[in-house]
Amino acid sequence: MAELFIEPGLTIHYQDFNSKGNPDVLLLHGLGANSESWQLQSPALADAGYHVIVPDMRGFGQSSFPGGQNNPKVMAGDMVKLMQGLSSEKCHLVGISLGGTVALELVSARPEMV
């Protein structure tokens, strides 16, 4: 599992499948879950040629929680910073449960990225 420093106290851990694939696909897990939720879909998408990025969102899995607010809008901002840190300008976005709400926030804030 890789990690990206986002800000003081916040490191996002993520799985990266088929880094040379195209286009990028960002898979967002649900509440009480982590990136392992996508363990069946990630290899299939990578085998289909996609670059698959599967993070543990802030406070879940191996990602840290720096304290303060933690809501879908904040998490969407984290995902924007993650994708920018990975030099991804645009991605397909898939979310389930909480991940779906985070996806909606991301699309609302940065529609050009999706």
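Refer to the structure presented above.
Keep in mind it's a predicted model, so treat the numbers as computed, not measured.

S.K.: So, the overall build of the chain: which residues are in play, and what are the values?
M.R.: When helices and strands are tallied, the chain shows three helices and five strands. In sequence order, the chain lays out its α and β elements as β-β-β-α-β-α-β-α. For 114 residues, the compact-globule estimate of 2.2 N^0.38 gives 13 Å, and the chain sits close to it at 13 Å. The buried share of the chain, taken over its 114 residues, is 40%. For the chain, the share of sequence-separated contacts (at least 6 apart) that also reach a separation of at least 24 residues comes to 69%. Accessible surface, the chain: about 5800 Å² in total, of which carbon and sulfur atoms supply 52%. For the chain, the distance from the average position of its 6 positive side-chain charges to the average position of its 11 negative side-chain charges is 8 Å.

Parameters and conventions
- Residues numbered from 1 in each chain as written.
- Predicted model: local features only at pLDDT ≥ 70, side-chain atom pairs only at ≥ 80, totals over all residues.
- Heavy atoms only, no water.
- Helix = DSSP H or I, 4+ residues; strand = E, 2+ residues; numbered from the N terminus.
- Rg over C-alpha atoms; globule rule 2.2 N^0.38 Å.
- Buried < 20%, exposed > 50% of the residue type's maximum accessible area, 1.4 Å probe, protein only.
- Contact = heavy atoms within 4.5 Å.
- Areas by Shrake-Rupley, 256 points an atom, 1.4 Å probe, with all protein chains shown as cover.
- Lys, Arg positive; Asp, Glu negative; His and termini not counted.
- Charge placed at Lys NZ, Arg CZ, Asp CG, Glu CD.

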